[in-house]
Amino acid sequence: QAKKQGKDRYEIFEPAMQAVFQAGLQMEADLRRAVVRHEFELRYQPIVHLKTGEITGLEALVRWQHPERGIIPPLDFIPLAEETGMIVPIGEWVLREACRQAARWNERRDGKPLSVSVNMSAVQLEQADLPEVVASALSNSGLPATSLVIELTESLLVDHRPSTLRQLEQIKSLGVRLAIDDFGTGYSSLAYLRRFPIDIIKIDKSFVDDVGDVPAAAALTLGIIQLGQALHLSTIAEGIEDAEQLSELTDGNCELGQGYYFAEPLNDVDMGELLFPPS
Ligand code: C2E
Ligand code: MG
Ligand code: MG
Ligand code: MG
């Protein structure tokens with residue numbers, strides 16, 4: 001009897017499902033180890049003033065340097081990190097490391113401030129001590145608060161908890177700026193632009209992709225830029241890959257942009273050389 005019950009239980013797991021389940025557990029164990037052993041690295045992608053070509057800021061993008069699997073991109077582990085709560089220590093490391101590196105680069109920039117943008121998950125915003133963590137990352141690194149940008153996704157603002165607004169206001173009161181990432185891909189109304197203290201709109205790559213050849217995409221992109229101007233927000237176009245997209249965006253008075261056309265995300269050494277070319 002016992003044997004039969006045992007067999008029935010096992011039948012719940014088809015071999016293929018079992019493999020997926022095992023891989024997930026393995027990934028979770030690996031991620032826990034990665035947090036303890038600091039297996040993460042940052043890449044930096046320049047944010048460029050479109051009319052002058054000047055680098056005004058950087059976006060910090062995390063990578064996982066897995067000992068067997070090599071570099072793992074964020075979309076392959078951030079969702080698991082969010083589900084398990086491990087995004088909290090990972091995100092804190094990203095924030096501190098990005099501030100530390102940006103402060104060092106800022107010291108060499110004589111007069112022209114360089115901002116650094118850090119992506120933040122909803123789970124991080126649910127931590128009551130996030131404003132203290134941000135303040136401590138700034139004071140430990142010496143980075144001026146005005147040089148830090150925190151990027152939030154639309155979904156984070158749409159599904160927000162009552163405490164979210166308070167948290168964001170506390171972070172803003174430090175002098176930190178807030179950006180909406182992937183703008184235009186969310187399903188909500190534009191109401192949160194009024195409700196939340198946003199400084200920067202990042203126009204999603206899907207609009208930028210088609211800006212040169214699909215009239216509807218061009219109209220929507222120009223509309224977002226004008227919306228930004230009317231609300232006194234900066235606009236950053238994401239994922240610029242060619243000169244045609246650049247000229248459309250520049251003609252439309254988009255202020256800033258980033259994308260492979262300018263540079264891919266670079267490691268700290270390569271980014272340092274781009275910022276301070278060896279003469
Ligand atoms: P995102 O914040 O929208 O970042 C932009 C993504 O587009 C980056 O992918 C960047 O490498 C890529 N990209 C930039 N320019 C181009 C281009 O011209 N063409 C194409 N095809 N792609 C371009 P990445 O680094 O793989 O990051 C993916 C997403 O992972 C980010 O999207 C962000 O949502 C998330 N992420 C990255 N780092 C962090 C982090 O530290 N914390 C959290 N919570 N999320 C992060
Ligand atoms: Mg981003
Ligand atoms: Mg984005
Ligand atoms: Mg995106």
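Structure shown above.
Reference entry: report on the structure contained in this document. All values reported here derive from a predicted model rather than from experimental measurement.

A look at the coordination of the magnesium ion (ligand 3)
Okay, so step 1: Surrounding the magnesium ion (ligand 3) are the protein donor atoms Asp181 (OD), Asp182 (OD), Glu238 (OE) and Glu238 (OE), which sit 2.0 to 2.5 Å from the metal.
Okay, so step 2: Positions of the donor residues of the magnesium ion (ligand 3) along the chain correspond to the pattern D-D-x55-E.
Okay, so step 3: In this structure, the magnesium ion (ligand 3) lies 4.0 Å away from the magnesium ion (ligand 2), the two metals sharing Asp181 as a donor. Taken together, the positions of Asp182 in strand β6 (residues 177-183) and Glu238 in the loop between β8 (234-237) and α12 (243-251) put the pair 56 residues apart, joining distant regions of the chain.
Okay, so step 4: Owing to a relative accessible area of 11%, Glu238 belongs among the buried residues under this scheme.

Observations concerning unusual backbone geometry
Okay, so step 1: The phi torsion at His38 lies on the positive side, around 55 degrees, for a residue other than glycine.
Okay, so step 2: Assignment of secondary structure puts His38 in the loop between α2 (15-37) and β1 (40-49).
Okay, so step 3: Of note, the phi angle at Asn253 is positive, near 65 degrees, even though the residue is not glycine.
Okay, so step 4: Along the chain, the position of Asn253 falls in the loop between α12 and β9 (256-257).
Okay, so step 5: On the accessibility criterion, Asn253 (41% relative accessible area) is partly exposed.

Reading the values: the criteria
Residues numbered from 1 in each chain as written. Chains lettered and ligands numbered in written order. Predicted model: local features only at pLDDT ≥ 70, side-chain atom pairs only at ≥ 80, totals over all residues. Heavy atoms only, no water. Donors = N, O, S within 2.8 Å, 3.2 Å for Na, K, Ca; no water. Helix = DSSP H or I, 4+ residues; strand = E, 2+ residues; numbered from the N terminus. Buried < 20%, exposed > 50% of the residue type's maximum accessible area, 1.4 Å probe, protein only.

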